[in-house]
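Residue-level structural notes
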Amino acid sequence: MVRLSPDPLPWLTCALFFVAAPLLSGIINKVKAWLTGRVGPPVWQPYYELLRLARKETVYSTSAGFISRAAPVLVWCTVAFAVLLLPLGQPAAVSFPGDIILFAYLLALGRFFQILAALDVASSFEGMGASREARFAVFAEPIFFFTIGSLAIITRRYSLDTVFAEISWRDPLFFVFVSVGVLALFFLVSAECSRMPVDDPNTHLELTMIHEVMILDASGVDLALYQHAASLKLLLYSTLAALLLNPFGVFGPTVGLLVFVATLLALAVALAAIETLMARFRLVLVPQFLLFGTAIGILNILIFTFSRRP
Amino acid sequence: MIALFAIGLALHGLNLALPALLRCSRRLTVVCNLVNAIALVCGLSFSLSALLAYQRTEYSFELPAAGQVVIGFDGLSLFFLFTFQLLSLAGSLYAVSYLRHYVERGLSVRGHLSFFTLLILSLQLVVVVQNALIFLVAWEIMALAAYFSIVFDRQKEEVRQGGFWYLVATHASMLFLVVSFLVLHESTGSWNFDDFAHHAGYDSKTLAIVLLTGFAGFGIKAGFMPFHVWLPNAHPAAPAHVSGLLSAINIKAGIYGIARLIMILPAQEASYGWGLLAVSLISAVLGVWYALAQHDIKRLLAYHSVENIGIIGLGLSIAWLGRCYALPELVVLGFAGALLHTLNHAIFKGLLFFGAGSVDLQAHGGNIEQMGGFARVIPLTAVGFLIGAISICGLPPFNGFVSEFIIYKSFFRGADLLHGYAPLVLLCAAVGLAFMGGLAVACFTKLYGIVFLGHNRAGVALRRQREPVSSSIVLLGLASFCAVVGIFPGTGLRLIRPVLGELAGTNQTSAQWASPIGQLQIVFLLFLALVVVIYAAKVWVQGRTVVRLGETWGCGYTAVTPRMQYTASGFAAELVQLGRPMLAFTVQWTPLQSILPLARAFHSRCNDRMENGWIFLNHGIGRLLGALRWIQSGNIRHYVLYVFAAVIFYLLCALVW
Amino acid sequence: MITIFALLVLPPIATVFAIWSSSARANQRVTLLAGIAHLLASLHCLVSQENPFPSGWWLAVDPLGGFFLTILSHTFVLVVLYSPSFLQRTQGAEYDHSKRLFYPALNFYLLANTLVLVVQQFAMLWVVLELTTFSLVPLIFFYRTKDSLEAVWKYLFLVSLGLVFVFVGVLFLGISARGVSDYTAFIVSRMTEAAPQLNPLWLKASFIFVLVGLSAKIGLAPMHPGDVDATSNAPAPVAALMAGSLRSTAVLVLLRFYQVVGRTDIQPFAQKLLIFAGLLSIAVSAIYIWRNRNYKRLLAYSSVEHLGIIALGVGIGGVALLGALLHLLFNSFGKAALFFMAGNIHRSYGSREIEAITDLQRRLPWSAFVWGLAFLYIVGTPPFGIFFSELFVLRGMIHAADWLSLSLFLALLMVIFIGMSRAMLRMLHAPSANSAPAVVDRERLNLSHALGFYAVAASVPLAIFQPPALFDSLHAILAAFGVKL
Amino acid sequence: MINVLTILFCLTLIYLAVTTRLSAYVLILVLQGALVAGVHALAFFSDFSWSHLIVAAAVLLVRTLLIPAYIVKIIRQLDMGHGDRTRRYHPGFLVQMAGVVVGAFLISHQLSRFTPVNVIPFGAAVAGIAAGGLLIVRRRLLLAHVVGFLIIENGLFLLGIGVQAQMPWMIEVAGLLDLFVLVFLMGIAINQLKSHFPEADGAELTALQD
């Protein structure tokens, strides 16, 4: 029932995935720079960031306890393990029926420890970030369950590994489903990975941040782990959106990979475009924004409840 | 084997009389609780071995008032017996250290201890008796023992008020159950649950009455939504070891009742299943939302019990639907999810309440706005509380996740097998469960963060206290149990296999559905291995660089005081505002009078609309009865008038009928 | 013959002796002796179910009579055992005259009630009931305050008025039996045989008048005020006697008429009437139990409620009738325990206000314990007897599928439970107002607590193990009412 | 002849409605006692037996002599004077009393069609009972309540005769003895009230209320 894939290929792709994660955020910053007429930092800048942080000293606050020391590891591991569940071209490294739920709750575990780490250092700014993170997460979970969950119910397969295999572009209903799903997942990305409509990644005003302020007091290796986890999560959600198009199913493993990378890049460009064009939402509006995402998700399942194949 | 159980009950019986013999309170608390603990160990060994090597045994004796009284140990009873005994053992051990503080305050412990023992004894009897009348007797004894254990610290008015809420609720549940069992007795002629099960000829009217009154009666005790009102009032009133037992196992008696009803009664009407699903979903979502708005630890945990009871209700409703549509797989999955969550909830809720008790001893007052930084004061309790908090939110490595996982699985299998609107409703239920999971994470990060992390908001110096041995044993024991059931789900499933076997008819089919969940341990072990490896790598990398302590970054502001930390109400304000229609959020604050404002006060209170509804009903009855108080007017001429009026009225009736 | 002697001859002798001798100790011993003899005789009648009187007399002990005799003598013995501690503690010259009258009145009360239970002639019932009222007047007027005077006046007046209506009912019964049997043959057994030929119109009128008339004495709804005032202002032993045995004797007279009515085709009407009266009584008592300042009035209204339940049980019929009879027995137990403890509390605190009772568990620990048990008993919690009798009444209702009265009954029970527990638990748990309570000599265990505990605990084996001695006679009574279980 | 006496009985009831003086009440009681004794003697004149004579004599003795004398003693002992003269006289009471008497006779006429009940005594009896009740309800004075009760008793006794109920003589005598003891006890109660609590003006007691 629980299948750890015997051949090493899926594990290698996952390792590649970990390495490529900062590249995606580098590309987004690069595209943003182009759009605003700047040259912008080189695409490899995030890698340099990580190496620099790994060598710097770590400063723990006097009031920080064991939580501040363990949280970065747990945040990183939950996102990493979530990546293992994803079918990147071949069957997923780890898969079992019902691992959709494990996927969602792993991310929730990571969030749980990140919030606790923020509250541990007894600073009001980090507390503010923690409360905002807790609040938006409440509305993010339903979006994930409505999109991926409804897909699971329609295709009657409950493992991430197999749930995307059924999607075929010729079936018009699936076309509607995929477009709505991608849009909903886009809302999810902006909320979870602190992208523009919800949170401005490169602001320096603590009062306005959400995710950056939670790791305000992290330094050295902890900060490196946090930032790599953040970029990994961004890549994770964009792959989910990309997999909705089922590139591997339709075009086979090799050509599918190219299409998959192309969709990732397209998503990156779209994110960068939005970040340059839009300003950040007022915090009060963000729940409404996310509820809109949920509403689309419900629309999804309504379509398919009435046209469901036996 | 039954001898062990008999010895346990005998020891409890002896323990009832002990407070009368032993004079000195200090020695009494230790001896009485230890005797309870030994009795429970015997009971536990019996129920565990009976569960593992399962075959249904029963003993019966004759009572003229109740016909044949059967003491039966079938799968369901044994499972609940095991859960109750496990938590009672934890409660008794915890009480050994916890009661010492009350003894120092000069409260007489003798009455309380005998009622506490009676509570443990009657809890075990309730799940074992298969005769409806004796079940009612044991039910009421359990309710009364719990009441008198709650009103232990009688000096305070809110303790008496909380106890009164509890007493009225249990009596109402008693009345409903009496009607339900009497109607069953009327149609079958006997008091035994087996005869209720084998009797075929229930017409729809009696079945409707039995189910509605039965669900209402057990629902009040379990704490489903409109009837949950006594829970948040009774728990803060009770001392920690009693409120731990109350929330962990006492309300589970209601769940046992509903499970028993589902197993006995012929399931024709699916609408009851959907009704239970709706009530459970509302209880779950609103329960956690109210919990988010509370500032008293025990009141917060009490509302959380309502949420978890909602989750268990979801599992039971799926089981009922499975029986209605004759899908044994759904029945097995529903029951597995519900029962495993009952066990898990009992463990981590007991853990959290005992943790709250030791925090209460430090902070002398439940309000979490005055707390902070207790992780450095009572570290062992902090670790236990953290593990409890993680598992109650249903996060992966711990036991909350396993039972919620099974309930999700039952939703999705239900969506596959059922037709029409069922998939849509079940998906919405799954999303509700996820939404509630998010709220639970917000609620418990707030609780743990505000209470255990950061500096103390009341400015108390945080010196490491010596935690009593028994309470740390209990806390860490329960925490380890959470971890074991979480990481190796097979153990939890092993305990409920007998029940599933009875439900699905044959033992092997139930294993075939439930066993895949048992193999999850590989995934969790892999995850833990990953965490250990990465942590080691981090420590190694940090070893090569300098690690030092410094001030928290205050964005340049140097004079940071503990009161500047984020407060609990601030943390949850936004989410509570969103829940405004359901949460009656009232704010009182002194407006700005002069340019140089002197005393300013802000007080926000979030009380429960349904509680207001019940209080309004109470006043309504009071006003109605007040309006009718003219009968006893004191004037003899009115009384003579009543005599003649009654005669004339009856004579007119005589002409009509 | 000995039973006749113990039942009817010993009490008058004891009364005369009590009047003659002036020493309270001797009086108490003689009354106790008469009471115990009476108890043994009635137990003998109950178990053997044979009629000690020669047949054809106006006096006879049928199974119904035997059961009620046991209730009467059992409560009487409990009260007589409690009285010395009560009399000893009421000091003061103004009570000497009432104390002098106490034991004679008690014996005369026993005689009067025994006569009511034993006499079979309907017309004679009226006269003998009047006697029981006279015996109670000096007992209620014990404290000689303005309140007790008002209570006596109202009780005397309303009950006598009620008995006038009972006599009218008897006359109407005579009319309905015109041509069947004249007044000399007005015996219960013969009337039940001749029941089908009775004229239904007059029988209905007769039953109405009898029910209204007796309600004053039983304490059923429209006519309960006089009875409530008397019970709440009488001293504790007398209140226990009234709540326990006096009301059961009045219920017996009602059952005698119901026995006749039960055979005819107007029984449905009589049942509807009884159900209405029962529910009305429970409703009225709920009104006053919900919020009451005086705990003795609270107990009085609780009696009205329990008598309402008994009337309801008789009205429903079948198993509920068995429940009603059991409820009578257990009600007398519970009321005895409650009023004994109320007496202790009243004497120690000197006031009847509920607010005045604070720190009960420290001042009177044993009374508090029995008071708590009696509260659980009277509210109907399972291990005790009242729960099982109410269960029978509910079973009867469900068998008769009378859902309206069932739901009304349960709702009212809930309201009453809230009212009772609010008052009684407040008394039990209320801490003393000032932080350092005055150190008062704690009460030692004495006979009143033993009596109270016995009264409450005795009902558990009776209800659960259903001893054949009691239940065979109950089944015989049910057979007399034409109910086959 | 019986009808004549019962009509007189109804007249005394009407007179009752108009007076509030205590001496008038006593006069009514004496008259009613005599009338009832006469009706009793005449009703059972046909089957003459010693028991009837004893009962008639006892009735005459108790209802006309003993009880009224006792009431006079109470009035004189407590010098109640002329009763509560304070009440203005208003005809409402008289109208009600007349209505009651007429109603009673209508009812007894209807009933007599079904069962053999001689109309006038039965009507008078019902009127008596209703009138006694009305007096108790309308008057505040305690003594007025006692008189009202006695009028109900007289009505009851008439009812016995109205329905030709030959009660065994022992029950009749016992009933009379009970009645006397009852009035005696009420007298004692009023005595206690007047002597121990002078401030209570003999009017009704309304302390015990909820």
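Right above here is the structure, for reference.
These remarks concern the structure in this document. Fair warning: this is a prediction, and the values are worked out from it, not measured in the lab.

Re the overall build of chain B
- Looking only at helices and strands, chain B features 24 helices and 5 strands.
- The C-alpha atoms of chain B give a radius of gyration of 27 Å, which matches the 26 Å a tight globule of 657 residues would have.
- With the principal axes as the frame, chain B shows a C-alpha extent of 100 × 70 × 65 Å.
- Counting across all 657 residues of chain B, residues that qualify as buried make up 63%.
- Contacts in chain B between residues far apart in sequence, at least 24 positions, make up 80% of those at least 6 positions apart.
- Total accessible area computed for chain B in this model is approximately 22500 Å², and 69% of it derives from carbon and sulfur atoms.
- Of note, chain B has its 39 positive side-chain charges centred 12 Å away from the centre of its 26 negative side-chain charges.

What to know about the overall build of chain A
- Broken down by element type, chain A carries 12 helices and 3 strands.
- Relative to the globule expectation of 19 Å for 310 residues, the C-alpha radius of gyration of chain A, 19 Å, shows essentially globular dimensions.
- If you line up chain A on its principal axes, its C-alpha atoms span 60 × 45 × 40 Å.
- Counting the 310 residues in chain A, one finds 64% classified as buried.
- Sequence separation of at least 24 residues holds for 78% of the intrachain contacts in chain A that already meet a minimum separation of 6.
- Roughly 11000 Å² of accessible area belongs to chain A as shown, and the carbon and sulfur atoms make up 73% of that amount.

Description of the state of the cysteines
- Within the structure shown, the criterion is met by 0 disulfides over all chains.
- The closest cysteine sulfur to the non-disulfide-bonded Cys 443 of chain B is located on Cys 393 of chain B, 7.7 Å from its own sulfur.

Brief notes about the interface of chain B and chain D
- Contacts between the two partners involve 11 residues from chain B and, on the opposite side, 15 residues from chain D.
- Between chain B and chain D the total buried area reaches about 980 Å² when both faces are included, carbon and sulfur atoms providing 60% of it.
- At the boundary of chain B and chain D, one finds 0 salt bridges.
- Applying the counting rule to chain B against chain D returns 1 residue pair in polar contact (both at pLDDT 80 or more).
- Partitioned by chemical class, the residues of the side of chain B that touches chain D number 5 nonpolar, 4 polar and 2 charged.

Observations concerning the interface of chain A and chain B
- Chain A puts 76 residues into the contact, and the matching count from chain B is 71 residues.
- Of all residues in chain A, Tyr 105, Phe 112 and Val 138 of chain A give up the largest surface area on contact with chain B, accounting jointly for 11% of the area buried on that side.
- Across the contact surface, chain A and chain B share 2 salt bridges.
- Of the charged contacts, one joins Asp 222 of chain A and Lys 538 of chain B as a salt bridge, the two residues approaching to 2.9 Å between their closest N and O atoms.
- For the pair chain A and chain B, the number of links is 19 residue pairs in polar contact (both at pLDDT 80 or more).

Things to note about the packing of helix α2 (residues 24–48) of chain C against helix α4 (residues 96–118) of chain C
Residues and elements named next belong to chain C.
- Look at α2 against α4: their axes get within 9 Å of each other, and the N-to-C directions meet at 15°. Of the possible angle classes, the one that applies to α2 and α4 is roughly parallel. The two elements α2 and α4 cross, and the hand of that crossing is left-handed. Judged by residue contacts, Ala 24, Asn 27, Gln 28, Thr 31, Ala 34 and His 38 of α2 engage Arg 100, Tyr 103, Asn 107, Leu 110 and Thr 114 from α4.
- When grouped by side-chain class, the residues that make up the contact of α2 with α4 number 4 nonpolar, 6 polar and 1 charged.

Remarks on the nonpolar core
- In terms of nonpolar packing, the biggest core is built from 654 residues, with Phe 112 of chain A, Phe 335 and Phe 444 of chain B together with Trp 371 of chain C touching the most fellow members.
- Broken down by element, this core gets its largest block of residues, 22 residues, from helix α17 (residues 422–452) of chain B.
- Ignoring sequence-local partners within four residues, the contact set of Phe 444 of chain B consists of Phe 112 of chain A together with Leu 300, Leu 301, His 304, Leu 352, Ala 389, Ile 392, Cys 393 and Gly 449 of chain B.

Topic: helix α22 (residues 568–578) of chain B
- Along α22 of chain B, the positions that sit buried rather than exposed are Ala 568, Phe 571, Ala 572, Leu 575 and Val 576 of chain B. One face of α22 of chain B carries all of its buried residues, which in axial projection span an arc of 110°.

Some thoughts on the environment of Leu 81 of chain B
Residue and element names in this part refer to chain B.
- You can see Leu 81 is positioned in helix α3 (residues 75–104).
- Since its relative accessible area comes to 0%, Leu 81 is described here as buried.
- In this structure, the C-alpha to C-alpha distance between Leu 81 and His 341, residues 260 residues apart in sequence, is 15 Å.
- Contacts of Leu 81, omitting those with residues within four sequence positions, involve Phe 5, Phe 46, Ser 47, Phe 73, Gln 124, Val 127 and Val 128.

What about the environment of Val 460 of chain C?
All names here are of chain C.
- Note that Val 460 resides in helix α18 (residues 447–465).
- By relative accessible area, Val 460 is classed as partly exposed at 23%.
- Put simply, Val 460 and Phe 387 are 73 residues apart on the chain and 10.0 Å apart in space, counted from C-alpha to C-alpha.
- Sequence-distant contacts of Val 460, that is, excluding residues within four places in its chain, are made with Pro 383 and Phe 384.

Concerning the pattern of salt bridges
- All chains considered together, the criterion is met by 28 salt bridges over all chains.
- A salt bridge links Glu 157 of chain B to Arg 160 of chain B; the shortest N-O distance between them is 2.3 Å. Here Arg 160 of chain B and Glu 157 of chain B lie together in helix α6 (residues 157–188), a separation of 3 residues that amounts to about one turn.
- Here the residues in one salt-bridge network are Arg 111, Glu 133, Glu 141, Glu 192 and Lys 233 of chain A, joined through shared partners.

Some remarks on a nonpolar patch on the surface
Residues and elements named next belong to chain D.
- A contiguous nonpolar patch, built from Met 1, Val 4, Ile 7, Leu 8, Leu 11 and Leu 42 and spanning about 550 Å² of accessible area, is present on the exposed surface.
- Per-element accounting of the nonpolar patch gives the leading share, 4 residues, to helix α1 (residues 2–18).
- If you trace the backbone, Ile 7 turns up in helix α1.

How each quantity is defined
- Residues numbered from 1 in each chain as written.
- Chains lettered and ligands numbered in written order.
- Predicted model: local features only at pLDDT ≥ 70, side-chain atom pairs only at ≥ 80, totals over all residues.
- Heavy atoms only, no water.
- Helix = DSSP H or I, 4+ residues; strand = E, 2+ residues; numbered from the N terminus.
- Rg over C-alpha atoms; globule rule 2.2 N^0.38 Å.
- Buried < 20%, exposed > 50% of the residue type's maximum accessible area, 1.4 Å probe, protein only.
- Contact = heavy atoms within 4.5 Å.
- Areas by Shrake-Rupley, 256 points an atom, 1.4 Å probe, with all protein chains shown as cover.
- Lys, Arg positive; Asp, Glu negative; His and termini not counted.
- Charge placed at Lys NZ, Arg CZ, Asp CG, Glu CD.
- Disulfide = S-S within 2.5 Å.
- Buried area = accessible area lost by both parts, 1.4 Å probe.
- Salt bridge = Lys/Arg side-chain N within 4 Å of Asp/Glu carboxyl O.
- Polar contact = N/O pair within 3.5 Å; in protein donor to acceptor, adjacent residues only side chain to side chain.
- Nonpolar A, V, L, I, M, F, W, Y, C, P; charged D, E, K, R; others polar.
- Axes fitted to C-alpha atoms, helices over the stretch in contact; angles between N-to-C directions.
- Parallel < 35°, antiparallel > 145°, perpendicular 65-115°, else oblique.
- Left-handed = near helix turned anticlockwise from the far one by under 90°.
- Core = buried A, V, L, I, M, F, W, Y, C linked by side-chain atoms within 4.5 Å.
- Arc of directions from axis to C-beta.
- Patch = residues over 30% accessible without salt bridge, like charges linked within 9 Å, V, L, I, M, F, W, Y side chains within 5 Å.

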